[in-house]
Amino acid sequence: MALTKRIIPCLDLKDGRVVKGVNFLGLRDAGDPVELAARYNEQGADEVVFLDITASKEARGIIIDVIERAADQLFLPLTVGGGIRSIDDIREILRAGADKVSINTSAVQNPELILEGAVMFGSQCIVVAMDVRKNHDMREGVTPITMPDGSVVWYEVVIYGGSHPTGIDAVEWAKEVERRGAGEILLTSMETDGVKQGFDVAVTAAISDGVGIPVIASGGVGSLEHFYDGFVVGHADACLAASVFHFGEMTIKEVKEYLRERNVPVRI
């Protein structure tokens, strides 16, 4: 029996509220995170991701309160990311009621954190988020990926919300985080994020095919077809979206019914 594909709404949090913009600009309020998560629970979401975009120590108390409220009311896995830099941070988030933590910049800067977290809390608790961007400057040692127009690029890992290139090849980094014990990869293509033209299925497929752990596609959903493409063309194990759910453009139930009609296995 084929494993079911997961649909995951992502809630960006600022000062305890859900916000949404494009590239973190023009943020608008989208509601109370626990109320929204409860709605997605009712609609049949498979998981929920909370991303603390302020991610400062001052805001940590706010995110802990939100996690505790959500954990009391929800009956689905909760992943929390944003500003997690140490084992103590991971412990605090999990103790508040999260099922998994997502680490991004801190994983690049301190890869040992992946292994330490996996050993202490289990691989299933450690999600490594990867923000990637196309690089047309081909060089030795990178993974060539062919675009639909025939051009060849490689994908570079970027950190600090996409503002700092690292020179790290995304496919090789994905393999490394798997070796270090990550249980899952959350992959966001910076160029498709917020554009609503669909996931970057080229890099999603390259990474999904290159590792043995689940890959969550993120960045770019604007239609029901985009979810289908993420799974069938991008080979993703899960698809994540935000604004199309928050502002009522589609429901999780509609997405799953669309996918089921097209023989994509989902949990209804």
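To keep things clear, this report deals only with the structure shown in the data block. (Residues numbered from 1 in each chain as written. Predicted model: local features only at pLDDT ≥ 70, side-chain atom pairs only at ≥ 80, totals over all residues. Heavy atoms only, no water.)

### Topic: the pairing of strand β6 (residues 100-103)
Here comes step 1: The alternating pattern of β6 places Lys100 and Ser102 on one face and Val101 and Ile103 on the opposite face, and all of these are buried.
Here comes step 2: Bridging between strand β5 (residues 78-81) and β6 involves three bridges; their strand directions are parallel. When the sheet's bridge partners are listed, Thr79 is paired in β6 with Lys100.
Here comes step 3: Regarding the hand of the β-α-β motif, the stretch spanning β5, helix α3 (residues 87-96) and β6 is right-handed.
Here comes step 4: As paired strands, β6 and strand β7 (residues 126-135) are joined by three bridges and run parallel to one another. (Buried < 20%, exposed > 50% of the residue type's maximum accessible area, 1.4 Å probe, protein only. Helix = DSSP H or I, 4+ residues; strand = E, 2+ residues; numbered from the N terminus. Pairing = 2+ DSSP bridges. Right-handed = clockwise from strand over helix to strand, strands pointing away.)

### With respect to the pattern of salt bridges
Here comes step 1: This model, assessed by the stated rule, comprises 15 salt bridges.
Here comes step 2: Ionic pairing is found between Arg6 and Glu184, a salt bridge with its closest N-O pair at 2.5 Å. Highlighted residues: Arg6 in strand β1 (residues 6-14) and Glu184 in strand β11 (residues 184-189), separated in sequence by 178 residues. Residues Arg6 and Glu184 agree in their burial class; the two are buried.
Here comes step 3: A salt bridge links Glu112 to Arg180, with the shortest nitrogen-to-oxygen separation between them at 3.0 Å. (Salt bridge = Lys/Arg side-chain N within 4 Å of Asp/Glu carboxyl O.)

### Digging into the environment of Glu42
Here comes step 1: Within the secondary structure layout, Glu42 lies in helix α1 (residues 33-43).
Here comes step 2: The exposure class of Glu42 is exposed, given its relative accessible area of 72%.
Here comes step 3: Remark: the alpha-carbon pair of Glu42 and Lys253, spanning 211 residues in sequence, is separated by 9.2 Å.

### A look at empty space enclosed by the protein
Here comes step 1: The tally for this structure, following the rule as stated, stands at two cavities of 30 Å³ or more.
Here comes step 2: In this structure, the largest cavity occupies an estimated 40 Å³ of space.
Here comes step 3: As for the largest cavity, its lining consists of Leu13, Asp15, Gly16, Asp52, Thr54, Ala59, Ile62, Ile63 and Val66.
Here comes step 4: If you tally residues by element for the lining of the largest cavity, the top one is helix α2 (residues 57-73), at four residues.
Here comes step 5: Estimated volume of the second largest cavity: approximately 30 Å³.
Here comes step 6: Forming the walls of the second largest cavity are Leu187, Thr188, Ser189, Phe199, Asp200, Val203, Thr204, Ala217, Ser218 and Gly219.
Here comes step 7: Looking at the lining of the second largest cavity, the elements that each hand over two or more residues are β11, α7 (201-210) and β12 (215-218).
Here comes step 8: When residues of the lining of the second largest cavity are assigned to their parent elements, the largest contribution, three residues, is made by β11.
Here comes step 9: A class-by-class count of the residues in the lining of the second largest cavity yields four nonpolar, five polar and one charged. (1 Å grid on protein atoms, 1.4 Å probe; cavity = no way out; pocket = protein on both sides within 12 Å on 5 of 7 lines; lining within 4 Å. Points joined across faces, edges and corners; volume = space filled by probe spheres on them. Nonpolar A, V, L, I, M, F, W, Y, C, P; charged D, E, K, R; others polar.)

### Observations regarding the packing of aromatic side chains
Here comes step 1: Summed over all chains, the structure comprises three aromatic pairs.
Here comes step 2: Arranged with centres 6.1 Å apart and planes meeting at 55°, the rings of Tyr40 and Phe245 form a pair that is tilted. With a gap of 205 residues between them, Tyr40 in helix α1 and Phe245 in helix α9 (residues 243-246) connect regions that are remote in the sequence. With respect to burial, Tyr40 and Phe245 carry one shared label: buried.
Here comes step 3: Taking the centre distance of 6.5 Å and the plane angle of 80° together, the rings of Phe199 and Phe227 count as edge-to-face. With Phe199 in the loop between β11 and α7 and Phe227 in helix α8 (residues 224-232), this pair connects stretches of sequence that are 28 residues apart.
Here comes step 4: On the basis of relative accessibility, which here comes to 9%, the residue Phe199 falls in the buried class. (Phe/Tyr/Trp six-rings, centres within 6.5 Å; stacked < 30°, edge-to-face > 60°.)

### As for α8
Here comes step 1: Within the sequence span of α8, burial applies to His226, Phe227, Gly230 and Phe231. What you see down the axis of α8 is that its buried residues fit within an arc of 135°, all on one side.
Here comes step 2: Of the surrounding elements, those touching the buried residues of α8 are β1, α7, β13 (238-241), α9 and α10 (252-261). (Arc of directions from axis to C-beta. Contact = heavy atoms within 4.5 Å.)

### Overview of the pairing of β12
Here comes step 1: Every second residue of β12 is oriented toward a common face, with Val215 and Ala217 on one face and Ile216 and Ser218 on the other, all of them buried.
Here comes step 2: Examined bridge by bridge, β11 and β12 share four bridges and lie parallel to one another. Across the sheet, the residue bridging to Ile185 is Val215, located in β12.
Here comes step 3: What joins β11 to β12 is α7, and the crossover it makes is right-handed.
Here comes step 4: Relative to β13, β12 runs parallel, the two being bridged by three bridges. Note that in β13 the partner of Ile216 across the bridge is Ala238.
Here comes step 5: One crossover worth recording links β12 to the parallel β13 by way of α8, and it is right-handed.

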